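# Descriptive structure summary
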Amino acid sequence: NGAHASSKKARQESAYSEGFICFWSDYPKKKGRHEANRIWERDQLTSNTNEILKHIAIMSAHEDWLKDGGKYVPLPATYLNQKRWHDTQPLYPDED
């Protein structure tokens, strides 16, 4: 039943906050969504959404996350639990 499946998916999506949906959409590794959402809600991270998304954008272009096909991108739950967006931003040489 296609209608049942689509309404079930809509209910599942509505269980996630808008901030978490943005995080999940931008995060390069799609594993452990339920656990990542649990941490997001536990730590009330919606107020940090912009800071988190900015860090993900920077790291997604950084060699640490790009090397070996993204092998070293932390799992989403690990990233959130360890508050990795507070890590020092990677430094790039001046382009003067």
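Residues numbered from 1 in each chain as written. Predicted model: local features only at pLDDT ≥ 70, side-chain atom pairs only at ≥ 80, totals over all residues. Heavy atoms only, no water.

## Focus on the pattern of salt bridges
Oppositely charged side chains can pair when the atoms bearing their charge come close. For the structure shown, the criterion picks out four salt bridges. In this structure, the salt-bridge partner of arginine 38 is glutamate 35, at a minimum N-O distance of 2.6 Å. Taken together, the positions of arginine 38 and glutamate 35, both in helix α3 (residues 33–42) and three residues apart, correspond to about one turn of that helix. Overall, the relative accessible area of 39% leaves arginine 38 in the partly exposed class. Judged by relative accessible area, glutamate 35 falls into the partly exposed class, the value being 32%. In this structure, aspartate 43 engages lysine 83 in a salt bridge whose closest nitrogen and oxygen atoms are separated by 3.1 Å. (Salt bridge = Lys/Arg side-chain N within 4 Å of Asp/Glu carboxyl O. Helix = DSSP H or I, 4+ residues; strand = E, 2+ residues; numbered from the N terminus. Buried < 20%, exposed > 50% of the residue type's maximum accessible area, 1.4 Å probe, protein only.)

## Notes on unusual backbone geometry
In this model, glutamine 44 sits at a positive phi of 50°, which is unusual for a non-glycine residue. Turning to its location among the elements, glutamine 44 is positioned in the loop between α3 and α4 (49–60). Judged by relative accessible area, which is 63%, glutamine 44 ranks as exposed. Phi is positive for aspartate 68, close to 50°, though the residue is something other than glycine. If you trace the backbone, aspartate 68 turns up in helix α5 (residues 63–70).

## As for the packing of helix α2 (residues 18–26) against α3
The description of two packed helices rests on the angle between their axes and on the distance between the axes. Their axes nearest at 11 Å, the elements α2 and α3 cross at an angle of 135°. When the interaxial angle is binned, α2 and α3 end up oblique. Crossing of α2 against α3: the hand is right-handed. In contact with Gly19, Phe20, Phe23 and Trp24 of α2, α3 contributes Arg33, Ala36, Asn37 and Trp40. When grouped by side-chain class, the residues that make up the contact of α2 with α3 number five nonpolar, two polar and one charged. (Axes fitted to C-alpha atoms, helices over the stretch in contact; angles between N-to-C directions. Parallel < 35°, antiparallel > 145°, perpendicular 65-115°, else oblique. Left-handed = near helix turned anticlockwise from the far one by under 90°. Contact = heavy atoms within 4.5 Å. Nonpolar A, V, L, I, M, F, W, Y, C, P; charged D, E, K, R; others polar.)

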